[in-house]
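Here is what each chain is made of, one letter per residue.
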Amino acid sequence: MNPKLSRRVNEMTTSATLAMAAKARELKEQGKNIIGLSLGEPDFTIPEFVKEAAIEAIKQDYHSYSPVDGYGDLKKAIITKFKRDNNLDYKPSQIVVSTGAKQSLANLAQVLLNEGDEVLLPAPYWVSYADISLLSGGIPVEIPAKIETDFKITPEALEAAITPKTKMMIYSSPCNPSGSVYSKEELRALADVLVKYPDIIVVSDEIYEHINFVGEHVSMAAFEDMYDRTVTVNGVSKAYSMTGWRIGYIGAPEYIAKACNKMQGQITSGANCIAQRATIVALENPPSKIQYMIDAFKERRKLILELLAAIPGFKTNEPEGAFYVFPDISYYFGKTLKGKTINTAEDFAMFLLEEAGVATVTGEAFGDDNCIRISYAASESDIKEAMRRIKEALS
Ligand code: PMP
Ligand code: GLU
């Protein structure tokens, strides 16, 4: 707490993913051997054709402010992508390009929430949904789903969480952190509840869309009766390994897109112009061009699940997408290891960092305090060595 700072920032929590990544970086700089499995960041390089598009954009002297909501030809590429991959029809006036999907989400919270509005978060949920909602005056309402139900909520639990104050629901499928993928039937069952409450806006975060090992990706907005009240969020950070290039986008009902455009115009303006040009080329290429990354993630998932199964006290579901495992490690609560008492997932993650040199993230940040999140967007050798060290530290 610093009284010189606003209540807003004093009350805000630091992003646990970024905090753990910063801590791991700091320890590495001190010469410690740390394996970073905390950040959801693909370790692949950006596909050559995307890099070339960025170089070409610089050569063509792209340098000035772009339209706030993105270049017209990028919006066209996004519209084509939405139709091709998701069977969604959007007009240019329904698309807004932002500085990462994180900004897309922050825009949405700012333009949709009033003080006291409730935001439904099927838990576990991505770390920033709660604070992004709080910053805009919203109240996060968790709908807990445990490992026994593959971390997916039921229609009954969804309906029970709805109140007259519910304004919005945010979820990701494939899910960060659990890797769960809602099937078409499961999403339809949730939609059957939501259609009874037409004032609730659904934010469907589909940033892991392509990192899906079970096949079908389903967009909530593809259900005709949900289209008018669903915002589809996506971006190029995960599928194209473009995390640092900061491009995200939405397809939304026009009035919401217009409001995001207005909000963004006062806060950041259009996203980076070179990255926007490169994104056109990334999206114009078929998803088959990035299949090699998905195949590699699938192999790594198999590897990490096998290695985790050999460590006592880790209870893990089989993630169907994204690149995380979210094991329940509550077996260790109340135990003392190497003189350190483990009472929480945070204690456990700190133990792994200090005693095994492996950075993970506490599940508390994702709304499940029995779990930790391990990212397997890392090389096979790092995954093997990390699991070896964890097993040794716990034995
Ligand atoms: N949503 C989810 C579920 C994420 O994991 C992330 C993390 N990158 C984001 C949104 C934000 O992505 P971006 O890099 O586009 O801001
Ligand atoms: N989304 C990634 C993660 O969950 C990147 C970090 C972040 O943006 O919080 O690790």
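Higher on the page you've got the structure.
All values reported here derive from a predicted model rather than from experimental measurement. (Residues numbered from 1 in each chain as written. Chains lettered and ligands numbered in written order. Predicted model: local features only at pLDDT ≥ 70, side-chain atom pairs only at ≥ 80, totals over all residues. Heavy atoms only, no water.)

Colleague: Would you mind showing me how to read the overall build of the protein here?
Modeller: From N to C terminus, the protein includes 13 helices and 14 strands. The globule rule puts the C-alpha radius of gyration for 395 residues at 21 Å, and the 21 Å found for the protein is close to it. Judged by the C-alpha coordinates and their principal axes, the protein covers about 60 × 55 × 50 Å. Here the protein holds 395 residues, and the buried ones make up 57% of them. Here the protein displays about 16,900 Å² of accessible surface, and carbon together with sulfur accounts for 52% of that area. Taken as two groups, the 43 positive and 52 negative side-chain charges of the protein have centres that lie 3 Å from each other. (Helix = DSSP H or I, 4+ residues; strand = E, 2+ residues; numbered from the N terminus. Rg over C-alpha atoms; globule rule 2.2 N^0.38 Å. Buried < 20%, exposed > 50% of the residue type's maximum accessible area, 1.4 Å probe, protein only. Areas by Shrake-Rupley, 256 points an atom, 1.4 Å probe, with all protein chains shown as cover. Lys, Arg positive; Asp, Glu negative; His and termini not counted. Charge placed at Lys NZ, Arg CZ, Asp CG, Glu CD.)

Colleague: In this structure, what is going on with the site of ligand 1? I would like to understand it.
Modeller: Near ligand 1 you find G100, A101, K102, W126, Y129, N176, D205, I207, Y208, S237, K238 and R246, and these make up its full shell. Measuring from a nitrogen atom of ligand 1, one finds a side-chain N or O atom of D205 at 2.6 Å. In the environment of ligand 1, an oxygen atom lies 2.7 Å from a nitrogen or oxygen atom belonging to the side chain of S237. Coverage of ligand 1 by the protein amounts to 93% of the 390 Å² it exposes when considered alone. (Near = heavy atom within 4 Å. Polar contact = N/O pair within 3.5 Å; in protein donor to acceptor, adjacent residues only side chain to side chain.)

Colleague: For this particular structure, what's the right way to read the environment of R25?
Modeller: The topology assignment puts R25 in helix α2 (residues 16–29). Classification of R25 by relative accessible area gives exposed; the value is 51%. R25 sits 10 residues away from I35 along the chain, and the two C-alpha atoms are 9.7 Å apart.

Colleague: Is there a simple way to explain the site of ligand 2 in this structure?
Modeller: In the region of ligand 2, the neighbouring residues are S15, T17, L18, L39, G40, K102, W126, N176, K238, Y324 and R373. Between an oxygen atom of ligand 2 and a side-chain N or O atom of T17, the distance comes to 2.7 Å. In the model, an oxygen atom of ligand 2 is placed 2.7 Å from a nitrogen or oxygen of the G40 main chain. A class-by-class count of the residues in the shell around ligand 2 yields four nonpolar, four polar and three charged. (Nonpolar A, V, L, I, M, F, W, Y, C, P; charged D, E, K, R; others polar.)

Colleague: It is not clear to me how the sheet that holds strand β4 (residues 139–144) should be interpreted in this structure. Could you clarify?
Modeller: In sheet architecture, strand pairing relies on hydrogen bonds along the backbone and comes in two forms, parallel and antiparallel. Strand order across the open sheet formed by seven strands is β2-β8-β7-β6-β5-β3-β4, with mixed pairing between neighbours. Every interior strand has two partners, whereas the edge strands, β2 (95–98) and β4, have only one. Neighbour-to-neighbour, the strand axes of the sheet open up by a mean angle of 20°, direction not taken into account. Summarising the sheet, strand β6 (residues 201–205) and strand β7 (residues 230–235) pair through four bridges and their orientation is parallel. Among the inter-strand pairings, V203 is bridged to a residue of β7, identified as V231. Along the sheet, helix α9 (residues 254–267) makes contact with β2, β6, β7 and β8 (248–251), crossing β2 at roughly 30°. (Pairing = 2+ DSSP bridges. Axes fitted to C-alpha atoms, helices over the stretch in contact; angles between N-to-C directions. Contact = heavy atoms within 4.5 Å.)

Colleague: What exactly am I supposed to notice about the environment of L88 here?
Modeller: Mapped onto the fold, L88 is located in the loop between α4 (72–86) and β2. Taking the C-alpha atoms as reference points, L88 and Y227, separated by 139 residues in sequence, lie 8.7 Å from one another. Excluding its chain neighbours within four sequence positions, the residues that come into contact with L88 are F82, K83, S219, A221, A222 and T232.

Colleague: What's the story with the packing of aromatic side chains in this structure? I'm lost.
Modeller: When we look at a pair of aromatic rings, we describe it by the centre distance and by the angle of the planes. Scanning all chains against the criterion turns up 18 aromatic pairs. When the ring of F44 is compared with that of Y292, the centres are 6.1 Å apart and the planes differ by 85°; the resulting orientation is edge-to-face. Taken together, the positions of F44 in the loop between β1 (35–36) and α3 (48–59) and Y292 in helix α11 (residues 291–309) put the pair 248 residues apart, joining distant regions of the chain. Given the relative accessible area of 19%, F44 is considered buried. Seen in terms of ring centroids, Y208 and Y324 are 5.8 Å apart; in terms of plane orientation they differ by 80°. Their pairing is edge-to-face. Residue Y208 is found in the loop between β6 and β7, and its partner Y324 is found in strand β9 (residues 324–325); the two are separated by 116 residues along the sequence. For Y208, a relative accessible area of 2% puts it in the buried group. Overall, the relative accessible area of 1% leaves Y324 in the buried class. Here the aromatic cluster, defined as three or more aromatic residues joined through ring pairs, consists of F44, Y208, Y292, F297, F323 and Y324. (Phe/Tyr/Trp six-rings, centres within 6.5 Å; stacked < 30°, edge-to-face > 60°.)

Colleague: Is there a simple way to think about the packing of α3 against helix α10 (residues 273–284) in this case?
Modeller: For any two helices packed against each other, one specifies the crossing angle of their axes together with the interaxial distance. Packing of α3 against α10 leaves a shortest axis separation of 8 Å and a crossing angle of 140°. On the basis of the axis angle, α3 is oblique to α10. Where α3 crosses over α10, the handedness of that crossing is right-handed. Mapping the contact onto sequence places F49, V50, A53, A54, A57 and I58 in α3 and I274, R277, A278, V281 and A282 in α10. Split into classes, the residues belonging to the contact of α3 with α10 amount to 10 nonpolar, no polar and one charged. (Parallel < 35°, antiparallel > 145°, perpendicular 65-115°, else oblique. Left-handed = near helix turned anticlockwise from the far one by under 90°.)

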